[in-house]
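# Overview (structure and organization)
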Amino acid sequence: MVIEALHITAALYLLAGLAAISGITLPKALFGRATRWLLAAGVILHGIAFARLHTLPNPPQVTDLPSAVSLAAWLAVIVNLLLLRSGRLEGLAVLVAPLAFLGVFYESFAFHATAPAAAADAGSWPHLHVVLASAGLALLGIAGLAGALFLAEDRALKAKRIPALRRGLPSLEALDRVNAMTIATGFPLLTCGVIAGM
C-alpha cells in the first residue's frame, strides 16, 4: 500500500509539473489552478504514505537517504504551496514539482523495510536532525531554484529578449522576496539540524 501511494504521489507531482509548464506556455488560469490542486493532492497523499510507513513492522529509518530525500521533497512542495498562496509564483512550480517527482520516485524504488538500525537506539535526536536538516535543505533548494529563475529572467531582460514564456513567470521582485524569505528561514533550520546531529 505504501509503495502504491508513493507511485501515485510521484505521478501527481509529475502532472503538476506538466500543468505548470502548460500554464506558462498557454495563457489559461485553468493550468494554474490545476497545478495547485495536483500539488495539494500530492502533499496529502505523500503525508499519508509517511504515516503508513510507521505502521509497518520494520519501517525504514528517517535517517535513510531515500527517506530523507523524499522528506525534503515533501517539505519543498509544502513551501511551494504556501508561496503559491502569497502571489503569482506558478513559474516556480515548474522547477519544484519535477524535482519532487524525482525525490518520491527515488524513494519508491529504493524502498525496503529494514531491521531496526543502530541509530534507533540513540532516541529521537537522529530523527530531529534529519527533519530539521531536510527542512533547511528544502528551503535552500527553493532559494536556489528561485535564484536560477531570477538570473535567467534578468539576463533575458538585459539582452532585451523577452520570450513569449515571460508572461507566465514570476516577477523579479517576487523571486527576490522568495529568495530572501527561504534563505532567512532555511539557514537557521539547517544550522539547528547540524547541531541536533552532533
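## Quick look at the packing of aromatic side chains
By the definition in use, this model includes three aromatic pairs. Aromatic side chains F50 and W74 sit 5.4 Å apart centroid to centroid with 65° between the ring planes, which places their arrangement in the edge-to-face category. Remark: W74 occurs in helix α3 (residues 65-86) and F50 occurs in helix α2 (residues 29-53); sequence separation between them is 24 residues. When its relative accessible area of 15% is taken as the criterion, F50 is described as buried. Put simply, the rings of F101, F105 and F109 pair up and form one aromatic cluster.

## Examining the side chain of T182
Residue position: T182 is located in helix α6 (residues 172-197). For T182, a relative accessible area of 0% translates into the label buried. Polar side-chain contacts of T182 include one of 3.2 Å to the backbone oxygen of N179. Apart from the residues within four sequence positions on either side, T182 is in contact with L139, L140, I142, A143 and F187.

## Side note on a nonpolar patch on the surface
A contiguous nonpolar patch, built from L14, L15, L18 and I21 and spanning about 330 Å² of accessible area, is present on the exposed surface. Position of L15 among the secondary structure elements: in helix α1 (residues 2-25). With relative accessibility at 43%, the residue L15 sits in the partly exposed group.

## Description of the pattern of salt bridges
In total, this model carries one salt bridge according to the counting rule given. Measuring nitrogen to oxygen at the nearest pair gives 3.4 Å for the salt bridge that ties K158 to D154. Of this pair, K158 and D154 are both found in helix α5 (residues 125-158), four residues apart, which corresponds to roughly one turn of the helix. For K158, a relative accessible area of 66% translates into the label exposed.

## Focus on the nonpolar core
One finds Y13, L39, L92 and I142 to be the most contacted residues of the largest nonpolar core, which totals 47 residues. When residues of this core are traced back to their parent elements, those giving at least two are α1, α2, α3, α4 (90-110), α5 and α6. Considering each element in turn, this core owes the most residues, 10 residues, to α3. Ignoring any residue separated from it by four or fewer positions in sequence, one finds I142 in contact with A76, V79, N80, L83, L92, V96, V178 and T182.

Parameters at a glance
Residues numbered from 1 in each chain as written. Predicted model: local features only at pLDDT ≥ 70, side-chain atom pairs only at ≥ 80, totals over all residues. Heavy atoms only, no water. Phe/Tyr/Trp six-rings, centres within 6.5 Å; stacked < 30°, edge-to-face > 60°. Helix = DSSP H or I, 4+ residues; strand = E, 2+ residues; numbered from the N terminus. Buried < 20%, exposed > 50% of the residue type's maximum accessible area, 1.4 Å probe, protein only. Polar contact = N/O pair within 3.5 Å; in protein donor to acceptor, adjacent residues only side chain to side chain. Contact = heavy atoms within 4.5 Å. Patch = residues over 30% accessible without salt bridge, like charges linked within 9 Å, V, L, I, M, F, W, Y side chains within 5 Å. Areas by Shrake-Rupley, 256 points an atom, 1.4 Å probe, with all protein chains shown as cover. Salt bridge = Lys/Arg side-chain N within 4 Å of Asp/Glu carboxyl O. Core = buried A, V, L, I, M, F, W, Y, C linked by side-chain atoms within 4.5 Å.

Function-wise, these values are silent; they only describe arrangement.
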